[in-house]
Structures are given as C-alpha cells and as structure tokens.
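# Architecture and fold: a report
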Amino acid sequence: MTRNRVFIGILWAAAAIALLAFAYFRFVAPQIEARVSDGLGVGDYELVTTDGQPFTEDSLKGGATAVFFGFTHCPEVCPTTLGDVAGWQDELAADGEELRVFFVTVDPERDTTEVLGDYVGWVPGTVGVTGTPEEVKKAEKAFMVYSAKVPLEGGDYTMDHSASVLLFDEDGRFFEPVGYGEGFDRAVAKIRRMIGA
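Below, the structure is looked at part by part. All values reported here derive from a predicted model rather than from experimental measurement.

How each quantity is defined
Residues numbered from 1 in each chain as written. Predicted model: local features only at pLDDT ≥ 70, side-chain atom pairs only at ≥ 80, totals over all residues. Heavy atoms only, no water. Helix = DSSP H or I, 4+ residues; strand = E, 2+ residues; numbered from the N terminus. Pairing = 2+ DSSP bridges. Contact = heavy atoms within 4.5 Å. Axes fitted to C-alpha atoms, helices over the stretch in contact; angles between N-to-C directions. Buried < 20%, exposed > 50% of the residue type's maximum accessible area, 1.4 Å probe, protein only. Arc of directions from axis to C-beta. Phe/Tyr/Trp six-rings, centres within 6.5 Å; stacked < 30°, edge-to-face > 60°. Lys NZ or Arg CZ within 6 Å of the ring centre and 35° of its normal.

Turning our eyes to something else, we now look at unusual backbone geometry. Outside of glycine, negative phi angles account for most residues, and trans bonds account for most peptide bonds. We note that Met144 has phi near 55°; this positive angle belongs to a residue other than glycine. Secondary-structure assignment places Met144 in the loop between α4 (133-142) and β6 (147-151).

For β6 and strand β7 (residues 157-161), the ladder comprises 5 bridges, and the chain directions are antiparallel. Within β7, the position partnered with Lys149 by the bridge is Met159. Between β6 and β7, which follow one another and run antiparallel, lie 5 residues, and Gly154 among them has a positive phi close to 85°.

Turning our eyes to something else, we now look at the sheet that holds strand β8 (residues 165-168). On the basis of which strands lie adjacent, the open sheet formed by 7 strands has the order β2-β1-β5-β4-β3-β8-β9 and mixed pairing. Strands with a single pairing partner mark the edges of an open sheet, and in this sheet they are β2 (54-55) and β9 (174-178). Note that strand β3 (residues 65-70) and strand β4 (residues 100-105) share 6 bridges and pair parallel. Across the sheet, the residue bridging to Phe69 is Val104, located in β4. With respect to the sheet, α4 is in contact with β1 (47-49), β3 and β4, its orientation differing from that of β1 by roughly 90°.

On to α4. The complete set of buried residues in α4 reads Glu135, Val136, Ala139, Glu140 and Ala142. Relative to the axis of α4, the buried residues are bounded by an arc of 160° and lie together on one face. Counted as exposed and oriented over 90 degrees from the buried face of α4: Glu134 and Lys141.

The next point concerns the packing of aromatic side chains. One pair of aromatic rings is described through two measures. These are the centre distance and the angle between the planes. By the definition in use, this model includes 9 aromatic pairs. Ring geometry for Phe55 versus Phe102: centroids 4.8 Å apart, planes at 55°, classification tilted. Note that Phe55 is positioned in strand β2 and Phe102 in strand β4, a separation of 47 residues in sequence. Since its relative accessible area comes to 8%, Phe102 is described here as buried. Geometrically, the ring pair formed by Phe143 and Phe168 is edge-to-face, given 5.8 Å between the ring centres and 90° between the ring planes. Remark: Phe168 occurs in strand β8 and Phe143 occurs in the loop between α4 and β6; sequence separation between them is 25 residues. Judged by relative accessible area, Phe143 falls into the buried class, the value being 1%. By relative accessible area, which is 0% here, Phe168 ends up buried. One aromatic cluster is present, built from ring pairs that chain together Tyr45, Phe55, Phe69, Phe102, Phe143, Phe168 and Phe174. Lying over the aromatic face of Tyr157, Lys149 brings its terminal NZ or CZ to 4.3 Å of the ring centre.

Below, the structure written as structure tokens:
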C-alpha cells in the first residue's frame, strides 16, 4: 500500500513539473524573448558611419538591415563574415532585393572612419561604423554584444567579440541572428523571410 502511495505521489509530482514546464515555455519564455528582442538595438548611442552619417537606433529603420560587430585587425571571423555578406548581397541583388549592412567596430582606438572605409568598401551595401570608446560601449550594450581586449606579446592586442550578424526588419525591430558559419542557404533564407515578412 505504501509503495502505491509513493508511486502515485511521484506521478503527481512529475505531472506538476510537466505542467509548470509547459506553462513556462508556452507563456513566460516567449514574453521574455519578446522583451529582449524589442529592446535590441535600442539605446542612446551615437556613432558615425564611414559615409559621414550618424549611426543611432533610428539608423535601423527604413529597410532590411544587418549589423555586425568586429574589427579591422580581426584574423578570421570578420573577413570571413564580410565574405559571407558579399555572397548574400550578390544573391539578393539578383532578385532585386537589398540588405543594408553596418559593420560596427569593437576597436575604436585603431578603427577610424578611413580605416573602416577601406576595410568594408569592397562589400556591396556595407558601411563601417565607429565612434568614441564610450559610445561604442553604449552600442555594444544596446545590441547585447560582447567584446574584450586581449593582450598579445610585444604590447599589441587583439579583440575577442560576439560573432553573429544581427538582422533587423524595416521597422528597426530585431528579426533573427545569423550565426558565424551558419551556411549560405540558411542565411539567405532568413534574410528573405525578413524582407518578405
């Protein structure tokens, strides 16, 4: 008899846990995710683009937009991502679609507008973004991006940073990220879903 009660108690506990998990993933998690998504890119940062325009949260509005944080001395992730972006742009242009791309530096000490302009100038629709270290940190916080200076031998340094491309719809709302190395077809499909949404 006692074993049956214990077994029934375990079943009720499992059912209660399952119900709580269902409620969390059905009702609570989507609200948390929506709040985070709605706030991504929102902030009082003011940077400058390589074409001399201000870059603020309003810059995300007016068209399908991608934002990527990186730096010009990046050995692998940034040049690879820019190559990916160039491929996306070619594919989209073939169908008359456009994607605005902002490459925001996490290394404003070295990445002036001139340096960034040379670095991203070969990628269609892409402009570099820089500013004071304080404004760059504000932007990183607004986009929930990580970066850190990593010292190297001889007094030089590199930067560790988030590697996703963040997609924003024409209203400036966060849509989805494209992960580093995610794959050409998946990335273009995400962008097209955003443009068509």
